[in-house]
There are 2 protein chains.
Amino acid sequence: MKKIDSIQNSRVKQWKKLQTKKEREKTGLFLIEGFHLVEEALKSQDAVRTLIISENIDLPQKWNIGDIELYTVSEAIMRTLSETETPQGVIAVCEKITYDVPLTNGKFLLLDGVQDPGNLGTIIRTADAAGLDAVILGEGTADVYNSKTLRSTQGSIFHLPIIKGNLKGWITELKKQNVPVYGTALEHAVPYQEVKPQGTFALIVGNEGSGVREELLALCDHNLYIPIHGRAESLNVAVATGVLTYYLRG
Amino acid sequence: MKKIDSIQNSRVKQWKKLQTKKEREKTGLFLIEGFHLVEEALKSQDAVRTLIISENIDLPQKWNIGDIELYTVSEAIMRTLSETETPQGVIAVCEKITYDVPLTNGKFLLLDGVQDPGNLGTIIRTADAAGLDAVILGEGTADVYNSKTLRSTQGSIFHLPIIKGNLKGWITELKKQNVPVYGTALEHAVPYQEVKPQGTFALIVGNEGSGVREELLALCDHNLYIPIHGRAESLNVAVATGVLTYYLRG
């Protein structure tokens, strides 16, 4: 275990840079914080590269640290690295994971420009709970490695493949593999109960304001809507994802 | 139309006080802001008492202001009254509405200690979309009139009765009226698909961390859970509310 007291330490500066998307994309690394998220990361093979803890913190006995690099830091350093108001005193530097996902016989969620970091995290958590096989982040979707998104996933980021992709390409490939692709739309769409629950499907949900792009909807096998029985204009996109994925998987 | 330029104006001070829960409870008034929320409020009979707009703002032609008090204020005043980073320049002082809700043959959502303002707002929006008849805010639930909650409702606060209540009392009354009452729990519960969709029901969802209190679960006709097919520990409470209400109403 190594100890760092100076906020000017070059490692501290490097870690802090990971708060920016630019640095995360350059290095392929990202930060997570808090006991629950770090514990989920430790369960995920090779995800954690470095563990950083406040000097006053005891690590839980059950954590299997193995030969992961471990640093203790002053509370001042922890505060500068943390992106929460009340840091728990535990941060991990993780490596982005790359996945190879087979396209046959799976359940897929495609996101077209979901912008709110909290929504994105909650959607990933929902996809995990519903047992989906992968989440594809299309053009214009928020950065999955920002701290608010990671927190909202509650660790699900480590539970299923999350892949950046070109949605047109994905839809074309999925259709070739006979995976039915369902868009979501308010017009030219059918109530979701008109399709049957099934073992393989791809669902596309879209931007909070503008929904799924027309050019993608045109490629889908069916476009679905969730009937609005009251006077709301629409559902929150994470709630809609929950209703549709739980229905479709049956 | 009256014009206010001084941030020291006594009305401005009174309005600003409505940012606190204490003042809202004392006066029965609350603030909403932004074009969409104010428009929804204007559609709701007698909800808006006073309209406050920035001097550079034109009100939409379609808004029916009637004899509502109207003030224009300087941008500095708008910034002090606004609770968003980029104020739209429109704020309304609204009166809390009281409701008399018949307990027979309805669809009800009971909230036991939902604490996150964003979750609470999203749940109210979801209940509106699902066509529920009322949302009952039990003990320990966040204040529905805080700005983050109101924003997350997207106006649904004006679409259905939202009532503070004692949940034990409500459950007892609902059961007397033969409304089946469903709790949500991870243990001693059945998968939600084991009950049938139905025309009248009451669903209870609980605190983000601890769920619905045991003493309430003991009073329910059945307690339901949403199966977790992946490795997430649970669903976000607003997402769970969406899955269950859309299933139960059929």
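Treat the numbers as computed from the prediction; the structure is a model and nothing was measured. (Residues numbered from 1 in each chain as written. Chains lettered and ligands numbered in written order. Predicted model: local features only at pLDDT ≥ 70, side-chain atom pairs only at ≥ 80, totals over all residues. Heavy atoms only, no water.)

Draft legend 1. Representation of the overall build of chain A. Broken down by element type, chain A carries nine helices and twelve strands. When its C-alpha atoms are laid out on the principal axes, chain A stretches across 60 × 40 × 30 Å. Relative to its full complement of 250 residues, chain A shows a buried share of 56%. Summarising the internal contacts of chain A: among those between residues at least 6 apart in sequence, 76% fall at separations of at least 24. For chain A, the accessible surface area stands at approximately 11,500 Å², while carbon and sulfur atoms represent 46% of it. (Helix = DSSP H or I, 4+ residues; strand = E, 2+ residues; numbered from the N terminus. Buried < 20%, exposed > 50% of the residue type's maximum accessible area, 1.4 Å probe, protein only. Contact = heavy atoms within 4.5 Å. Areas by Shrake-Rupley, 256 points an atom, 1.4 Å probe, with all protein chains shown as cover.)

Draft legend 2. The arrangement of the nonpolar core in detail. In terms of nonpolar packing, the biggest core is built from 112 residues, with A:Ile32, A:Leu109, A:Leu111, B:Ile32, B:Leu109 and B:Leu111 touching the most fellow members. The residues touching B:Ile32, leaving out its near neighbours within four places in the chain, are B:Leu37, B:Val38, B:Ala41, B:Val90, B:Ile91, B:Ala92, B:Cys94, B:Leu150 and B:Phe158. (Core = buried A, V, L, I, M, F, W, Y, C linked by side-chain atoms within 4.5 Å.)

Draft legend 3. Fine view of the side chain of A:Glu23. As for its position among the elements, A:Glu23 is in helix α2 (residues 21-27). Other than its neighbours up to four places away in sequence, A:Glu23 contacts A:Lys17 and A:Leu18.

Draft legend 4. Layout of the UniProt feature "domain: RNA 2-O ribose methyltransferase substrate binding" (unreviewed entry) in chain A. Feature annotation in UniProt assigns "domain: RNA 2-O ribose methyltransferase substrate binding" (unreviewed entry) to the following positions: residues 31-100 of chain A. Annotation note: span residues 31-100 of chain A, helix share 23%, strand share 30%, distance between end C-alpha atoms 23 Å. (UniProt positions renumbered as here; feature names shortened; annotations may be inferred.)

Draft legend 5. The arrangement of the sheet that holds strand β12 (residues 222-225) of chain A in detail. Residue and element names in this part refer to chain A. Across the sheet, which stays open at both edges, the seven strands sit in the order β8-β7-β6-β11-β9-β12-β10 with parallel pairing between neighbours. Each having just a single partner strand, β8 (162-164) and β10 (190-191) make up the two edges of the open sheet. Contacting β6 (107-112), β7 (134-137), β8, β9 (181-184) and β11 (201-206), helix α7 (residues 167-176) runs over the sheet at an angle of about 155 degrees to β6. Contacts from helix α9 (residues 237-249) reach β6, β9 and β11 within the one sheet, and its direction differs from that of β11 by about 165 degrees. (Pairing = 2+ DSSP bridges. Axes fitted to C-alpha atoms, helices over the stretch in contact; angles between N-to-C directions.)

Draft legend 6. Structural detail: the packing of aromatic side chains. All names here are of chain A. What the rule picks out here adds up to twelve aromatic pairs over all chains. On the numbers, 6.3 Å between centres and 20 degrees between planes, the contact of Phe 30 with Phe 158 is stacked. Here Phe 30 is found in strand β2 (residues 29-33), whereas its partner Phe 158 is found in the loop between α6 (147-153) and β8, with 128 residues between them in sequence. Each member of the pair, Phe 30 as well as Phe 158, carries the same accessibility label: buried. Taken together, a centroid distance of 5.7 Å and an interplanar angle of 50 degrees make the contact between Phe 35 and Trp 63 tilted. Taken together, the positions of Phe 35 in helix α3 (residues 35-43) and Trp 63 in the loop between β3 (48-54) and β4 (69-73) put the pair 28 residues apart, joining distant regions of the chain. What links up through ring pairs into an aromatic cluster is the set Phe 30, Tyr 145 and Phe 158. (Phe/Tyr/Trp six-rings, centres within 6.5 Å; stacked < 30°, edge-to-face > 60°.)

Draft legend 7. Structural context of the domain arrangement of chain A. Residues and elements named next belong to chain A. According to the domain assignment, chain A consists of domain 1 (2-95) and domain 2 (107-248). Interface area for domain 1 against domain 2, summed over the two sides, is near 1,100 Å², with a carbon-plus-sulfur share of 61%. Considering only the side of domain 1, the residues that lose the most area to domain 2 are Arg 24, Phe 30 and Leu 37, jointly responsible for 41% of the buried surface there. Summed over the shared surface of domain 1 and domain 2, the result is two salt bridges. Two residues, Lys 164 and Glu 25, come together in a salt bridge whose shortest N-O distance is 3.3 Å. (Domains from an automatic or database assignment. Buried area = accessible area lost by both parts, 1.4 Å probe. Salt bridge = Lys/Arg side-chain N within 4 Å of Asp/Glu carboxyl O.)

Draft legend 8. Representation of the pattern of salt bridges within the structure. Residues and elements named next belong to chain A. For the structure shown, the criterion picks out 28 salt bridges over all chains. A salt bridge links Glu 23 to Lys 26, with the nearest nitrogen and oxygen atoms 3.7 Å apart. Of the two residues, Glu 23 and Lys 26 both sit in helix α2, three residues apart, roughly one turn of that helix. A salt bridge links Arg 24 to Asp 143; the shortest N-O distance between them is 2.5 Å. With a gap of 119 residues between them, Arg 24 in helix α2 and Asp 143 in the loop between β7 and α6 connect regions that are remote in the sequence. Judged by its relative accessible area of 12%, Asp 143 is buried. Each of Lys 2, Arg 11 and Glu 69 takes part in salt bridges that share partners, so that together they form one network.

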